[in-house]
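Each chain, letter by letter, is given below.
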Amino acid sequence: MRRRSLAGLTLALVAGTVGACSSDEDSGSSGGSSDGVDNVTVGVIPIVDVAPIYLGQAKGFFTARNIAVTMEAGQGGAAIVPGVVSNQFQFGFSNLTSLMIAQTKNVPVKAVAAGVASTGVRGRDFGALVVRADSPIRTAKDLAGKKISVNTLKNIGDTVTRESVRRAGGDPSRIEFVEMPFPAMPAALAGGQVDAAWAVEPQLTTIKAAGGREVASTFVDAAPNLTIAAYFTSQKLLADKPGLVKRFTEAIDESLAYADAHPDEVRQILTSYTKIDDGLRAKLVLPKWPTQINRASVQKIAELGTTDGIFTTAPDLDKLLP
Amino acid sequence: MTTARRGHPVPLALAGPAGLLLIVEALPRLGLVDARYLPPASRIATALAAEAATPAFWQAVADTLYAWATGLLIAVVAGVLAGLVIGSAPVLRALTASTVEFLRPIPSVALIPVAVLLYGTELGSTLLLVCYAAFWQVLVQVLYGVADVDPVAEETARSFRFSAWGRVRHVLWPTALPYVFTGIRLAASVALVLAVTAELVIGAPGLGREIATAQNSDAVPTMYALIVVTGALGVVINLLTRTGERRLLAWHQSVRGEVAV
């Protein structure tokens, strides 16, 4: 869901072409297999969602499988898909809508492990639609005709928001979406530039702490136990080094399971790669980290996105999901 | 010419920032802006102190300065060489004029997708953006400088049968040098802006990435603290280039402040 722009995807296409042209060039940074250890770079975004991989690194789940993992964390989620396709990163973290967009454009990517999932608990999820304390908006139905901020247009934010409005009996076609980075949302909402914000942690807790009200748990409305993001790799790496991909998937699965079972350690590891302050860190709602991608929920997002015109053709989940 | 020689320089130079600090402290305290989105200066200072105590912060400063210096150096060398060559050959100048005017206004940030494709989130991405933006600043100034050569001096050098190198060394270069320095000064600021922007948007290592992480983390005072640091770097860089310019051009009339007769 994060900061993926259409430009990034267009670029991924170009990257795909370039990658295809230079296929004789061997995978540079993943090649370091001296003493059997594979050096792997993973493109991530420095947010709560990717805490398991940092935790897994700290716990040695990767080194135990002869993988030396390095995280490249930047603001630009837009860099991740092209980065993986061009083998700058061997693996990446991305929301499934972006991966499905890539798939419908024949960008050679493949999900290899689950990334992050909704808690499935209404009012207690890590992403939601929120309004100001004094807003006249009471339910998602009232959102029709209103201005709502999402981090990326034509991505999971507007899909799930439309579904919440539709379910509440409103007209989702009348919503005016405004693209805005998550960190800008608390101020925009307080300043009245938008009527509602589709926010995730930690901004969600910031907004609620300032008196903001949740009007819809969008992930919960969209599908039960929605899988939102996944770790993925390129078809090329999958074909060239299936063993490495398999070991990476195992390490991620162990990390996800560990993170899910140890929320306190998750909150602690956040200090190593984010600047979330202690007060906020204690309060924010952690997502769920199941080891399985909930295929039914991804199918639902694919259908909703196809209806809304996010995908030009229906995504082929058999090609994308493991 | 400079305030430094007119007396009372320090109090005046400090009055500006002090005033700004007071305003930033007062605005949120008076409730004119929301302290959550613009914290008072004292809270920003506290956050800055906390950041300065971490090695990661100094690493980020070093990364940014390294990207800035390397990018600037490449741009200056390339810009000066290209400028001298193009500028001294009227044919080349005519050939490239429209190309330069076409490429120059393209914002460096528009090249981010290309940079990411080539270099991912590493130093190379930052360098590409920095070099692209800074190169034009230098090139255009050098072109002006070369065009400013006194035709009489040039003709004189020719009649004295100066070699090509001699004409560059004794006629072209001294005339162009002040322009080169103007180019370097402009490029130095632009390079810093682009270095931080690349880090901010792409996630290449440096202060920009730290700012992005602070934004993502809702660490508002830390974010402002890091922005203040980039501003301060800009001031230092500008001071250094100005001082360097004055020292190295001490012989030149633009610095001597005398009118040549």
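Reading the values: rules and limits
- Residues numbered from 1 in each chain as written.
- Chains lettered and ligands numbered in written order.
- Predicted model: local features only at pLDDT ≥ 70, side-chain atom pairs only at ≥ 80, totals over all residues.
- Heavy atoms only, no water.
- Core = buried A, V, L, I, M, F, W, Y, C linked by side-chain atoms within 4.5 Å.
- Buried < 20%, exposed > 50% of the residue type's maximum accessible area, 1.4 Å probe, protein only.
- Helix = DSSP H or I, 4+ residues; strand = E, 2+ residues; numbered from the N terminus.
- Domains from an automatic or database assignment.
- Contact = heavy atoms within 4.5 Å.
- Pairing = 2+ DSSP bridges.
- UniProt positions renumbered as here; feature names shortened; annotations may be inferred.
- Buried area = accessible area lost by both parts, 1.4 Å probe.
- Salt bridge = Lys/Arg side-chain N within 4 Å of Asp/Glu carboxyl O.
- Axes fitted to C-alpha atoms, helices over the stretch in contact; angles between N-to-C directions.
- Parallel < 35°, antiparallel > 145°, perpendicular 65-115°, else oblique.
- Nonpolar A, V, L, I, M, F, W, Y, C, P; charged D, E, K, R; others polar.

Notes on the nonpolar core
Here comes step 1: Core analysis: the largest hydrophobic core is formed by 102 residues, its most contacted members being A:Val42, A:Ile53, A:Tyr231 and A:Phe248.
Here comes step 2: Among the elements that line this core, the one with the most residues is helix H10 (residues 242-261) of chain A, at 8 residues.
Here comes step 3: Two domains each put at least three residues into this core: domain 1 (6-118 + 225-320) and domain 2 (127-222) of chain A.
Here comes step 4: What A:Ile53 contacts, discounting residues up to four positions off in sequence, is A:Val42, A:Val44, A:Phe62, A:Met71, A:Tyr231, A:Phe248 and A:Ile252.
Here comes step 5: Of all hydrophobic cores here, the second largest spans 56 residues; its members include B:Ile86, B:Val149, B:Val190 and B:Met223.

Here's the deal with the pairing of strand S4 (residues 109-117) of chain A
All names here are of chain A.
Here comes step 1: When you tally the buried positions in S4, you get 9 out of 9 residues, the bulk of the element.
Here comes step 2: Pairing of S4 with strand S10 (residues 227-234) involves 7 bridges; the strand directions are antiparallel. Among the inter-strand pairings, Ala114 is bridged to a residue of S10, identified as Ala230.

Considerations on the environment of A:Ala199
All names here are of chain A.
Here comes step 1: In this structure, Ala199 sits in strand S8 (residues 196-200).
Here comes step 2: Residue Ala199 is classed as buried on the basis of its relative accessible area, which comes to 0%.
Here comes step 3: Beyond its immediate chain neighbours, meaning those up to four positions away, Ala199 contacts Phe126, Gly127, Ala128, Val130, Phe182, Met185, Leu204 and Ile207.

Brief notes about the UniProt feature "domain: ABC transmembrane type-1" (unreviewed entry) in chain B
Here comes step 1: According to UniProt, the "domain: ABC transmembrane type-1" (unreviewed entry) feature falls on residues 61-241 of chain B.
Here comes step 2: Helix makes up 86% of residues 61-241 of chain B and strand 0%, with an end-to-end C-alpha separation of 19 Å.

Considering the domain arrangement of chain A
Residues and elements named next belong to chain A.
Here comes step 1: Taken domain by domain, chain A consists of domain 1 (6-118 + 225-320) and domain 2 (127-222).
Here comes step 2: At the junction of the two partners, domain 1 supplies 19 residues and domain 2 supplies 18 residues.
Here comes step 3: Carbon and sulfur atoms supply 62% of the area that domain 1 and domain 2 bury against each other, a total of about 1,700 Å² over both sides.
Here comes step 4: Of all residues in domain 1, Leu304, Asp308 and Ile310 bury the most surface against domain 2, accounting for 27% of the area lost on that side.
Here comes step 5: Counting across the interface, domain 1 meets domain 2 through 3 salt bridges.
Here comes step 6: One salt bridge in this structure joins Arg166 and Asp308, with 3.4 Å as the shortest N-O distance.
Here comes step 7: Elements with a contribution of two residues or more to the side of domain 1 that touches domain 2: helix H4 (96-104), helix H12 (278-283) and helix H13 (295-308).

Overview of the packing of H10(A) against helix H11 (residues 263-273) of chain A
Residue and element names in this part refer to chain A.
Here comes step 1: Remark: H10 packs on H11, axes separated minimally by 5 Å, with the N-to-C direction vectors making an angle of 105°. On the basis of the axis angle, H10 is roughly perpendicular to H11. For the pair H10 and H11, contact is made by Tyr258, Ala259, Asp260 and Ala261 and by Pro263, Glu265 and Val266, respectively.
Here comes step 2: Here the residues of the contact of H10 with H11 are counted per class, giving 5 nonpolar, no polar and 2 charged.

Observations concerning the sheet that holds strand S7 (residues 176-179) of chain A
Whether parallel or antiparallel, the strands of a sheet pair through hydrogen bonds between backbone atoms.
All names here are of chain A.
Here comes step 1: Here we have 5 strands laid out as an open sheet, ordered S7-S6-S8-S5-S9, and mixed in their pairing. Here the strands that pair on one side only, and so sit at the sheet edges, are S7 and strand S9 (213-216). Between one strand axis and the next, the sheet turns by 35° as a mean value, whatever way the strands run.
Here comes step 2: Bridge count between strand S6 (residues 147-150) and S7: 4 bridges; the pairing is parallel. Along S7, the bridge assignment pairs Val150 with Glu179.

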